[in-house]
2 protein chains.
Amino acid sequence: MGITDMIASFILDSLDEADGVLELQRSDLAQRFNCVPSQINYVMSTRFSPERGYIVESRRGGGGYIRISRVQVDRETLLMHVINAIGSALDETSARAIAQNLVNSGALDSNTARLLTAATSHRALIKVSPALRDTVRADIFKQVLLYAV
Amino acid sequence: MGITDMIASFILDSLDEADGVLELQRSDLAQRFNCVPSQINYVMSTRFSPERGYIVESRRGGGGYIRISRVQVDRETLLMHVINAIGSALDETSARAIAQNLVNSGALDSNTARLLTAATSHRALIKVSPALRDTVRADIFKQVLLYAV
DNA sequence: ATCGTAAAGGTCAGAAAAAGTCAAAGATAC
DNA sequence: GTATCTTTGACTTTTTCTGACCTTTACGAT
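Since this is a predicted model, take the numbers as computed values, not measurements.

Conventions adopted
- Residues numbered from 1 in each chain as written.
- Chains lettered and ligands numbered in written order.
- Predicted model: local features only at pLDDT ≥ 70, side-chain atom pairs only at ≥ 80, totals over all residues.
- Heavy atoms only, no water.
- Near = heavy atom within 4 Å.
- Polar contact = N/O pair within 3.5 Å; in protein donor to acceptor, adjacent residues only side chain to side chain.
- Helix = DSSP H or I, 4+ residues; strand = E, 2+ residues; numbered from the N terminus.
- Nonpolar A, V, L, I, M, F, W, Y, C, P; charged D, E, K, R; others polar.
- Contact = heavy atoms within 4.5 Å.
- Pairing = 2+ DSSP bridges.
- Salt bridge = Lys/Arg side-chain N within 4 Å of Asp/Glu carboxyl O.

Is there a simple way to explain the protein's contact with DNA strand C in this structure?
In the vicinity of DNA strand C there are 29 residues, among which Asn41(A), Ser58(A), Arg26(B), Asn41(B) and Ser58(B) approach most closely. One of the backbone nitrogen or oxygen atoms of Arg26(A) is found 2.9 Å away from a phosphate oxygen of DNA strand C. At 3.1 Å from a base nitrogen of DNA strand C is found a main-chain nitrogen or oxygen belonging to Gly61(B). Contributions of two or more residues to the surface near DNA strand C are made by α2 (26–32), α3 (38–47), β2 (54–59) and β3 (65–70) of chain A together with α2 (26–32), α3 (38–47) and β2 (54–59) of chain B. Partitioned by chemical class, the residues of the surface near DNA strand C number four nonpolar, 19 polar and six charged.

Set out below in structure tokens:
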């Protein structure tokens, strides 16, 4: 088993103990596993991505941290399907449609849907280059579903 | 938790007790937290800026003081003010702070704030080129606020 | 009134403490 | 063999903390 998987399983264990929310320091963790700090970033992006049902927040500077939270199982079941279905790009029309569907199926209240639609609207993303726009829209959409629903 | 956050939360508590207006002495506070006085200025400018909804006044010389007051305005005025104040770029830290402050002042419910924070998070915008990121964040933020009004 | 001094608070730049990025080198799997 | 996944480290950015030096104000002494 490589370092990445050891670190990942350590974090998984800690998450269990800590009831789903864990705050740690990148350099500590790196030291514990005897690897460079940037390895931790790799673990985060490959093992604790939103697609896998985790929220990762961090802060730099003195007293900085990395916080990992697991989304609730119930919610996970509810939303993972949608999040996975979205994939890596999402056009505006589909975004509206998905939001509307989530409202229809009771998974989203209509206010949230409205804001989600606003956040991923053409107007909000007008400055993003057209080539990237759908990708960014997908990221925002997924991030909001994970966090805010 | 670093000194800055301890001082900030001490002030927040005192503000609550004191009904929104608080007068204190820089050197006292510094002594209480065992730090240099200029640390207090740092706390003021990073945690109690007007952007975050506070007014800080002060006076030098004998009997000098620092007065911190929390501003209260009605929801729509506040939202519009914020929308206008945001300008064309917004970094992630400020976005979070503004959202939190809008919650504190009752202009946003915490669900909306979470959504807003998620939609404008670093992770949601990671694919946007760094040069554009703060601009796009500002656009999304304003767009969502407009629909939240 | 004026001046001097002590008692505040303000500024700014640099050091220190984190975390992030990215590309290249090394492994592994097929 | 080659494509994908890991590992590493040099460099960057953000945030906090500190101290040396500056400005403003109050209060007495003259």
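Structure's up, so let's keep going.
Whenever I open this one, the side chain of Ser121(B) confuses me. Can you help?
Positionally, Ser121(B) belongs in the loop between α6 (110–119) and α7 (130–148). Engagement of the side chain of Ser121(B) in a polar contact is seen with the backbone oxygen of Ala118(B), the distance being 2.9 Å. Ignoring any residue separated from it by four or fewer positions in sequence, one finds Ser121(B) in contact with Gln143(A), Glu92(B) and Arg137(B).

Quick question: what am I supposed to make of the pairing of β2(A) here?
For a regular strand, side-chain orientation follows a simple rule: the groups alternate between the two sheet faces. Residues and elements named next belong to chain A. With six bridges joining them, β2 and β3 adopt antiparallel strand pairing. Counted as the bridge partner of Tyr54 is Arg70 from β3. A loop of five residues connects β2 with β3, the two strands running antiparallel in sequence, and Gly61 in this loop sits at a positive phi of about 75°.

What exactly am I supposed to notice about the pattern of salt bridges here?
Opposite charge on two side chains allows them to pair when their charged atoms are near. If you walk through the whole model with that rule in mind, you get 16 salt bridges over all chains. Residue Glu92(A) pairs with Arg96(A) through a salt bridge whose shortest N-O separation is 3.4 Å. With Glu92(A) and Arg96(A) both in helix α5 (residues 92–104) and four residues apart, this pair spans about one turn of that helix. What emerges from the salt-bridge pattern is a single network uniting Glu23(A), Glu57(A), Arg67(A), Glu92(B) and Arg96(B).

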